[in-house]
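Listed below, chain by chain, are the residues.
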Amino acid sequence: MKKLLMTLLIVTLVFTCFANGANENKGKGLTAVQAALKEAESMTWDELLAKAKEEIGNNEFNIYAVSTRLDVDTFTQKTGIKTKTTVFGTADLYTKYTTEAEAGVYGADLLVTLDAYEMGNLMEEGFVENFVPNEFKTILPEEEQMPLNIQYVSFAFFYNNDHGNLKNYVTNMWQFADPKYKGIIMQNPLTNTAFINNIIEMTKPEWEAKIKKAYKDYYGKEWAASEKFSAPAYEWVYGLIQNGVFEAKGGTIYNNTISGKPGTIGMVAFSKWRDGDISTLTVCPFDSINGVGGTLSKTFAVTSANAKYPYTSALFIYYLLTEEGYAAYYGGDPGGYSSNPNVVPSSTALARGDKPIDVWKISSPGEDPAYVAAHYNEFYTQIAQWVAEKK
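Residues numbered from 1 in each chain as written. Predicted model: local features only at pLDDT ≥ 70, side-chain atom pairs only at ≥ 80, totals over all residues. Heavy atoms only, no water.

S.K.: Can you walk me through the overall build of the protein in this structure?
M.R.: The helix and strand inventory of the protein stands at 16 helices and 11 strands. Its C-alpha atoms give the protein principal-axis dimensions of about 100 × 45 × 35 Å. Here the protein, with 391 residues, has 50% of them falling under the buried criterion. In the form shown here, the protein has an accessible surface area of approximately 18000 Å², with 53% of it arising from carbon and sulfur atoms. (Helix = DSSP H or I, 4+ residues; strand = E, 2+ residues; numbered from the N terminus. Buried < 20%, exposed > 50% of the residue type's maximum accessible area, 1.4 Å probe, protein only. Areas by Shrake-Rupley, 256 points an atom, 1.4 Å probe, with all protein chains shown as cover.)

S.K.: Just to check I follow, could you spell out the side chain of Thr79 for this structure?
M.R.: Here Thr79 is to be found in helix H4 (residues 73-79). What makes Thr79 buried here is its relative accessible area of 3%. A polar atom in the side chain of Thr79 sits 2.8 Å from the backbone oxygen of Phe75. Other than its neighbours up to four places away in sequence, Thr79 contacts Trp45, Leu49, Lys53 and Leu315. (Polar contact = N/O pair within 3.5 Å; in protein donor to acceptor, adjacent residues only side chain to side chain. Contact = heavy atoms within 4.5 Å.)

S.K.: Explanation requested: helix H3 (residues 45-56) in the structure shown.
M.R.: For the α-helix, the turn length of 3.6 residues means that residues three or four positions removed from each other point alike. The terminal C-alpha atoms of H3 lie 16 Å apart, and with 12 residues this matches the ideal 16 Å at 1.5 Å per residue to within 8%. Trp45, Leu48, Leu49, Ala52 and Ile56 are the residues of H3 that are buried. Projected onto a plane normal to the axis of H3, the buried residues spread over an arc of 100 degrees and lie on a single side. Away from its buried face, by an angle of more than 90 degrees, H3 presents the exposed residues Asp46 and Glu54. In this fold, the buried residues of H3 make contact with helix H2 (32-41), strand E1 (61-65), H4 and helix H12 (310-321). Phi turns positive, to about 55 degrees, at Gly57, one or two residues after H3. (Expected span 1.5 Å × (residues − 1). Arc of directions from axis to C-beta.)

S.K.: I tried to follow the nonpolar core on my own but got confused; where do I start?
M.R.: One broad rule of soluble globular proteins: the nonpolar side chains tend to lie buried together. Counting residues in hydrophobic clusters, the biggest one holds 60 residues, and the most contacted among them are Phe176, Trp236 and Val237. Examining the composition of this core, we find that seven residues originate from one element, helix H10 (residues 232-243), more than from any other. Look past the residues within four positions of Val237 in its chain and what remains in contact with it is Phe195, Ile199, Phe379, Ile383 and Trp386. In terms of nonpolar packing, the next biggest core, distinct from the first, is built from 42 residues, Leu48, Ile56, Ile81 and Ile317 among them. (Core = buried A, V, L, I, M, F, W, Y, C linked by side-chain atoms within 4.5 Å.)

S.K.: I'm lost on the confidence of the model for the protein in this one. Help?
M.R.: Close inspection of predicted coordinates is inappropriate for parts of the model with low pLDDT. Scored by pLDDT, the protein has a mean of 91; 93% of the residues are at 70 or more. Taken as a whole, residues 1-27 scores under 50 in pLDDT and shows two contacts with residues more than four places along the chain or in a different chain. (pLDDT = per-residue confidence, 0-100.)

S.K.: How do you make sense of the packing of aromatic side chains when you look at a structure like this?
M.R.: For any two aromatic rings, the description comes down to two numbers: the centre-to-centre distance and the angle of the planes. Under the criterion given, the structure shown has 33 aromatic pairs. Where Phe157 meets Phe176, the ring centres are 4.0 Å apart and the plane angle is 15 degrees; that geometry is what we call stacked. With Phe157 in strand E5 (residues 149-160) and Phe176 in the loop between E5 and strand E6 (184-186), the pair connects residues that are 19 residues apart, well separated along the chain. For the pair Phe157 and Phe176, a shared accessibility class is recorded, and that class is buried. Judged by centre distance (6.2 Å) and plane angle (75 degrees), the rings of Tyr326 and Tyr329 are edge-to-face. Residue Tyr326 and its partner Tyr329 are located together in helix H13 (residues 323-330), separated by three residues, close to a single helical turn. Among the residues examined, Tyr326 registers a relative accessible area of 6% and is labelled buried. An aromatic cluster of three or more residues is present, and its members are Trp45, Phe61, Phe75, Phe136, Phe316, Tyr318 and Tyr319. (Phe/Tyr/Trp six-rings, centres within 6.5 Å; stacked < 30°, edge-to-face > 60°.)

S.K.: Looking at this structure, how should I read H13?
M.R.: Taken together, the buried positions of H13 are Gly325, Tyr326, Ala328, Tyr329 and Tyr330. Residues of H13 that are buried make contact with H4, strand E3 (110-113), E5, strand E10 (294-304), H12 and strand E11 (336-338). Following H13 by one or two positions, Gly331 adopts a phi angle in the positive range, close to 75 degrees.

S.K.: Is there a simple way to explain the pattern of salt bridges in this structure?
M.R.: Close approach of charged atoms allows side chains of opposite charge to pair. Throughout the structure, instances matching the rule amount to 13 salt bridges. We note a salt bridge from Glu208 to Lys212, for which the minimum N-O separation is 3.6 Å. With a gap of four residues between them, Glu208 and Lys212 both fall in helix H9 (residues 205-219), about one helical turn apart. Accessibility expressed as a relative area gives 32% for Lys212, which makes it partly exposed. Connected via shared salt-bridge partners are Lys38, Glu41 and Lys137. (Salt bridge = Lys/Arg side-chain N within 4 Å of Asp/Glu carboxyl O.)

S.K.: Hey, could you run me through the packing of H10 against helix H16 (residues 369-389) in this one?
M.R.: Pairs of packed helices are described in terms of their axes, by the angle between the two and the distance that separates them. Two elements in contact, H10 and H16, have axes separated by 9 Å at closest approach and are oriented at 35 degrees. Where H10 crosses over H16, the handedness of that crossing is right-handed. Mapping the contact onto sequence places Tyr234, Val237, Tyr238, Ile241 and Gln242 in H10 and Glu378, Phe379, Ile383, Trp386, Val387 and Glu389 in H16. Here the residues of the contact of H10 with H16 sort into eight nonpolar, one polar and two charged. (Axes fitted to C-alpha atoms, helices over the stretch in contact; angles between N-to-C directions. Left-handed = near helix turned anticlockwise from the far one by under 90°. Nonpolar A, V, L, I, M, F, W, Y, C, P; charged D, E, K, R; others polar.)

Here's what the structure looks like:
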């Protein structure tokens, strides 16, 4: 009888301790994933590595990503943690992940993905959790931290300069909307959601002021709203669409601009500069353009709200923010920039004509997920109408 009472007492004590531990997080309003990420914020790399290895054991850490560049082998070699990446197109990733999240089904621990609009929706629905290690909170610019942006990807307007013989051909963003410059080689905006996000960003006051100034400098008069265009960015992108020659692949845009006649204008991801003869190309963001000369899309890294291994997700994010982790992710190619200002473009990228991210930001709007999500549907409908009207 005494043994039975002692056993019951021990069970009761164990249950009480477990319940108190669970209720501690519940009392704070935190899920298990949120509590883990909160604790992980203050951990050093070594502390977080030990916690992640304890958490995951011999199991597999799962990532959904939109880029084949995400090299998990170096992470596994460094940590001993088995890692699997499943790569999707951007739209397919969000469709799959949202379906799983709504059903409460585990699919991935971490998402590494593009598109500020969709990310804004995931954040609003509570399907993902943000994490920034304390060590990086004083290093990363505040605007990169919620949701965490690990990388900018640059897109540029550029033109064939006839091996340097054609100088100062493009000096103002409104040339892209002027019928005189019809024939700009670019992707259909409806297939490039990041570009739509960037156009929405241009309706913010700081960019609108730049666009209005460029308009006045180009046309010699103040920009004025009309029944058709409520913002200068709308009028500009309408003209750009009418001038555009749509191509599906970035490589085609890049090569056709190089092989085209002097003055041929294109817009494509700057990562294409890793190959080919760049001596015949002038990149508008580097040439003191008046207004907008390119765009910047963000690459987000967020933890699934129902992750099995949140400490491991935190560890991987920590890794991506380091110079070593970013090099393993993107390599030394041009066109990609860590959100960590201490990680600078490689010598290889600079040799191919790239510039630091601060140079890009002067004439290249980025993406604000909350702002984009609030305006996306209205603007997408308008873009679709203008594409349909294209002659």
